[in-house]
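Now for the letters of each chain:
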Amino acid sequence: MGATFEPSTESDIVDVVQWCIAEEAPIDVIGAGTKRGLGRPVRAERTLDTSRLAGVERYEPEELFMTAKPATRLAEVEDLLAAKGQQLAFEPPDYGPLLGTPAAEGTLGGAIACNLSGPRRVKAGAARDHLLGANVVTGRGEAVKFGGIVVKNVTGYDVCKLLCGSFGTLAVMTALHVKVLPAPESETTLLVMGLDDMAGTAAIADAMGTPNDVSGAAHLPAELACLSAVETVARAGGSVSCLRLDGIPQSIAYRVERLRQEMRTLGDMALLDADDSRALWREVRDVSAFARPSDGAVWRICVPPDAAADVVARIKTRVRTQAYYDWAGGLIWLRTEAADVFGGDAVRDAVGDRGHATLIRADAAVRDATPVFQPQPPALKALTERIKSSFDPRHILNPGRMYAGV
Amino acid sequence: MKMPEPDVAILGKRADIIDALRGIVPGEGVISSDEELRAYESDGLSAYRQVPLVVALPSTTNEVSRILRYCHEHGIKVVPRGAGTGLSGGAMPIADAVLLGLGKFNRILDVNYRNRTARVQPGVTNLAISTAVRDDGFYYAPDPSSQIACTIGGNVAENSGGVHCLKYGLTTNNILGLEVVLINGDVVRVGGEYLDTDGYDVLGLMTGSEGLLGVITEVTVRILRAPETAAAVLVGFPTNEDAGRCVAAVIGAGIIPAGMEMMDRPAIHAADDFVHAGYPRDVEALLIVELDGPPVEVSLLIERVHAIAEAHNAVSTRISDSEEERLRFWSGRKAAFPAVGRISPDYYVMDGTIPRKELAHVLGRMREMSEEYGLQVANVFHAGDGNLHPLILYDANVPGELERAEAFGGAILKLCVDVGGVLSGEHGIGLEKRDLMDVQFTETDLNQQQRIKCAFDADSLLNPGKVFPRLHRCAEMGRMHIHRGQVPFPDLPRF
């Protein structure tokens, strides 16, 4: 491991990147380093550690936005927002324990760079829907800004979208303007017991199609429901389909009744109080079921909800796996049971062109040798390479993190 | 507004180009007669006009791909166009460019209620999507005022909003997938019937890119279940300051209404005279706040909003007690533009966004500027998200008034940027605000945006002359100054 730069200002970062360009020295860009296991291993001798760029610079609750430096801890952001009854509506997950790093260390910049969103994504959108503007230093060593501090803005390209999910391959973030929203006053979760994968994913997807404003929709098969720390879920003795309702208490009560009526023929039901509900969705969000044991590859698969159970069934004919469903079935979390089997072909074949799969947890050697992200068709691959080069023509920033040669 | 000089060589090859296009698009899909071309000479920004070189109206992705490949090979510019309702001149033709109309892409291909998606062609109107799924209780959320006529392809190109985007988001938050044809004829699909695209978010980048990056040939939208009920409260205030503070207080109380719209006195009077919406006339500002959801939630929140309004000096409040009354509250707001059209020979619609707290200050400055420029202004305002639509009244037949209206508009937008806002909230930069981009961005900012353009369209053939104040050659943009040996520190950890 070579040198680590720890800049504390934007102009320091400009200097570092320009130096890297001049020396043709690629650099590994990190915040808290909790997501280094995501993506392909970066081959770079030097590290650009942005952790000194931390802190909330501006927070205006009535304007529904905040400006923070990228290495600000998410936990700090969430505490600050909670004090004003607000939240990051995309419900950023904490994959620390899943990836073998400590919990609650993740940064805002990391969530944005990896475009990570939790269960509320089905209702409120992804991380990318909440980034209003950004200041960055590109791989050309130039400080530029995109977007702004207001929600409605079509002034120039929406480059913020490109930044989200670019895994630090385009630019180094120096300041982020994010949208914040009121947090619900309360929440509860309606559980439906005993459905198989096909019926469970159908039930949670259909619940999203009712006017009951469901803000989380997950299906946990029996073998994973029993691992929950929430007793009602763990002791269900079978699968549990979970529907979160939040908002003002009178409205929640009304919607619970409506949903119960709609789903009364499906199976036994139970209701979680607010604390249990929060605990359950934290587990769903953070993929706690696969954090321990820490072996076995973990995949994150995005497909249309009505294809999800079929995709999992096909994978299971070839590889021993466990899987559960979030995002009304649109997100599959899947873990291979054997430590040395990562299931690449089985997963890719089952998904086909119905969606995409990302290898979230695997040994560095596996992530180096196999595509971590969905392989792209030639025209899109060529476009991806040109976009990368438009920001970072010398491939200085996190080269190869997403795709070989990008 | 200056456009690049037409390429004489291209103009000279017009007949060949028409022949080639006829070889790709059969029958009446190529329009070349002067008379018929006139119909395409402007979009919704009718102050600017230009007859296109030729119009092509393909009906398949394959035809679009072949047209673009032909134009790419021959260095011919292309301007994509949906319904031509845009207000910033984004679809204004260029003298030496093929105008590519997507109007024949008018089919809804697939609706999937379990996945809550609809796959549609770009020429389908915004309203047609909601209409197609209405009987099953669903709708498509973004609702720009032009929704009867504007197309979903145009909505994607402009990232259109509407009065409900405060709660339900803009186009970019409500689409899941695109099929895009690049200028070299390559067809790429980004996203689909699932959440989160993989790789770089080209779906997000394409949205709001104003026809400069590619031609959209299919859109997958997210559809939503319609809320059970909706109600609106109409509140009159003695000052704009009171109304502005009320808006902030509603949001500060943790309420995100389905819509929160404001009108100033001139707009209130024009609208009420036109549609007799029953607006209070002796107030300086009018707020329409709409809540939707389950009945119990709506009535509770309406009461909370009502109480907040009373605490902010509201002089008149009315809560809709029926669906008809709710729609009547909206009728004046929705007819505000034509209503202003009745009291002035011409009007110029502006579209800046400001932080909400600057509202009173900006409206106050606008009144002063109105006197400086000698032109009246009426304001309608998406108050919930800070998006202003000042309507500048002028008469194009009075020499100099159009120029004065444009200068006034430019001054308003600069004011928006000065207070922390942006040049355009939902209408796009297009041709109209192209030369103001320097107010918001540095040369370095704009150069990076243009390099993204180069990644899609290295010869700058797609909709050139729009959005960016200066055209640069991509080779020149790509150059990098390398400071080998000059960077002020050695290979050591620093800072």
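Residues numbered from 1 in each chain as written. Chains lettered and ligands numbered in written order. Predicted model: local features only at pLDDT ≥ 70, side-chain atom pairs only at ≥ 80, totals over all residues.

**Let's talk about the overall build of chain A**
Here is step 1: The secondary structure content of chain A amounts to 14 helices and 18 strands.
Here is step 2: Radius of gyration (C-alpha) of chain A: 21 Å, near the 22 Å computed for a compact globule of 406 residues.
Here is step 3: By principal-axis analysis of the C-alpha atoms, chain A measures approximately 65 × 50 × 35 Å.
Here is step 4: A separation threshold of at least 6 residues defines the contact pool for chain A, and within that pool the share at least 24 residues apart is 72%. (Helix = DSSP H or I, 4+ residues; strand = E, 2+ residues; numbered from the N terminus. Rg over C-alpha atoms; globule rule 2.2 N^0.38 Å. Contact = placed C-beta atoms within 7 Å.)

**Notes on the overall build of chain B**
Here is step 1: On a plain count of helices and strands, chain B comes out with 18 helices and 18 strands.
Here is step 2: Relative to the compact-globule value of 23 Å for 495 residues, chain B shows a C-alpha radius of gyration of 24 Å, a close match.
Here is step 3: Across the 495 residues in chain B, those meeting the buried criterion constitute 57%.
Here is step 4: At a minimum sequence separation of 6, the contacts of chain B that also span at least 24 residues come to 72%. (Buried ≥ 20, exposed ≤ 12 C-beta atoms within 10 Å, placed from the backbone.)

**Quick notes on the environment of Asp273(A)**
Here is step 1: By the secondary structure assignment, Asp273(A) is in the loop between β14 (269-272) and α10 (274-286).
Here is step 2: Exposure remark for Asp273(A): the 12 C-beta atoms within 10 Å place this residue in the exposed category.

**Topic: the packing of helix α14 (residues 378-391) of chain A against helix α17 (residues 443-456) of chain B**
Here is step 1: Put simply, α14(A) and α17(B) touch, their axes get as near as 9 Å, and they point 155° apart. Classified by the angle between their axes, α14(A) and α17(B) sit roughly antiparallel to one another. The handedness of the crossing between α14(A) and α17(B) comes out as right-handed. In contact with Arg386(A), Ile387(A) and Ser390(A) of α14(A), α17(B) contributes Arg451(B), Ile452(B), Cys454(B) and Ala455(B).
Here is step 2: Broken down by class, the residue content of the contact of α14(A) with α17(B) amounts to 4 nonpolar, 1 polar and 2 charged. (Axes fitted to C-alpha atoms, helices over the stretch in contact; angles between N-to-C directions. Parallel < 35°, antiparallel > 145°, perpendicular 65-115°, else oblique. Left-handed = near helix turned anticlockwise from the far one by under 90°. Nonpolar A, V, L, I, M, F, W, Y, C, P; charged D, E, K, R; others polar.)

**What about the interface of chain B and chain A?**
Here is step 1: Residue-level contacts link 84 residues of chain B with 82 residues of chain A.
Here is step 2: It is α17(B) that provides the largest number of residues to the side of chain B that touches chain A, a total of 8 residues.
Here is step 3: The residue inventory of the side of chain B that touches chain A, partitioned by class, reads 34 nonpolar, 30 polar and 20 charged.

**Overview of the packing of helix α10 (residues 265-275) of chain B against helix α13 (residues 336-343) of chain B**
Residue and element names in this part refer to chain B.
Here is step 1: At a minimum axis distance of 8 Å, the contact between α10 and α13 shows a crossing angle of 90°. Classified by the interaxial angle, the pair formed by α10 and α13 is roughly perpendicular. Where α10 approaches α13, its residues Ala 267, Ala 270, Ala 271, Phe 274 and Val 275 are matched on the opposing element by Ala 336, Pro 338, Ala 339, Val 340, Arg 342 and Ile 343.
Here is step 2: Each residue belonging to the contact of α10 with α13 can be placed in one class, and the counts come to 10 nonpolar, no polar and 1 charged.

**Thoughts on the sheet that holds strand β12 (residues 229-237) of chain B**
All names here are of chain B.
Here is step 1: Strand order in the open sheet formed by 7 strands is β15-β12-β14-β13-β17-β18-β16, with antiparallel pairing between adjacent strands. At either margin of the open sheet sits one strand with a lone partner, and together these are β15 (316-319) and β16 (346-349). With direction set aside, neighbouring strand axes in the sheet form an average angle of 15°.
Here is step 2: Pairing between β12 and strand β14 (residues 285-293): 9 bridges, direction antiparallel. Paired with Phe 237 across the strands is Ala 285, a residue of β14. (Pairing = 2+ DSSP bridges.)

**Notes on helix α4 (residues 61-74) of chain B**
Here is step 1: Relative to the 20 Å expected for 14 residues at 1.5 Å per residue, α4(B) spans 20 Å between its end C-alpha atoms, a close match to the ideal helical length.
Here is step 2: Phi turns positive, to about 65°, at Gly75(B), one or two residues after α4(B). (Expected span 1.5 Å × (residues − 1).)

**Looking at the domain arrangement of chain A**
Frequently, the measure chosen for interface size is the accessible area that the parts lose on association.
All names here are of chain A.
Here is step 1: Each assigned domain of chain A is listed with its residue range as follows: domain 1 (1-183 + 376-406), domain 2 (186-286) and domain 3 (288-369).
Here is step 2: Averaged C-alpha coordinates put domain 1 and domain 3 at centres separated by 25 Å.
Here is step 3: Counting from both sides, the interface comprises 11 residues of domain 1 and, opposite them, 12 residues of domain 3.
Here is step 4: Here the residues of the side of domain 1 that touches domain 3 are counted per class, giving 7 nonpolar, 2 polar and 2 charged. (Domains from an automatic or database assignment.)

**Things to note about the sheet that holds strand β3 (residues 77-81) of chain B**
Residue and element names in this part refer to chain B.
Here is step 1: Reading across the sheet, the 4 strands line up as β1-β2-β4-β3 and stay open at both edges, with mixed pairing between neighbours. One side of each edge strand has no neighbouring strand; the edge strands of this open sheet are β1 (30-31) and β3.
Here is step 2: Taken together, the 5 bridges between β3 and strand β4 (residues 97-101) define a ladder with parallel strand orientation. Following the sheet pairing, Val 78 is matched in β4 by Val 98.
Here is step 3: Helix-sheet contacts for helix α2 (residues 14-24) involve β1 and β2 (54-56), and the interaxial angle to β2 is about 10°.

**Quick notes on the nonpolar core**
One broad rule of soluble globular proteins: the nonpolar side chains tend to lie buried together.
Here is step 1: Among the nonpolar cores identified, the biggest contains 282 residues, and Leu163(A), Ile332(A), Leu287(B) and Ile392(B) are the most heavily contacted of them.
Here is step 2: With 7 residues, helix α1 (residues 10-23) of chain A is the single largest residue contributor to this core.
Here is step 3: Those residues in contact with Ile332(A) that lie beyond four places of it in its chain are Ile301(A), Val303(A), Ala308(A), Val311(A), Val312(A), Ala323(A) and Tyr325(A). (Core = buried A, V, L, I, M, F, W, Y, C linked by C-beta atoms within 7 Å.)

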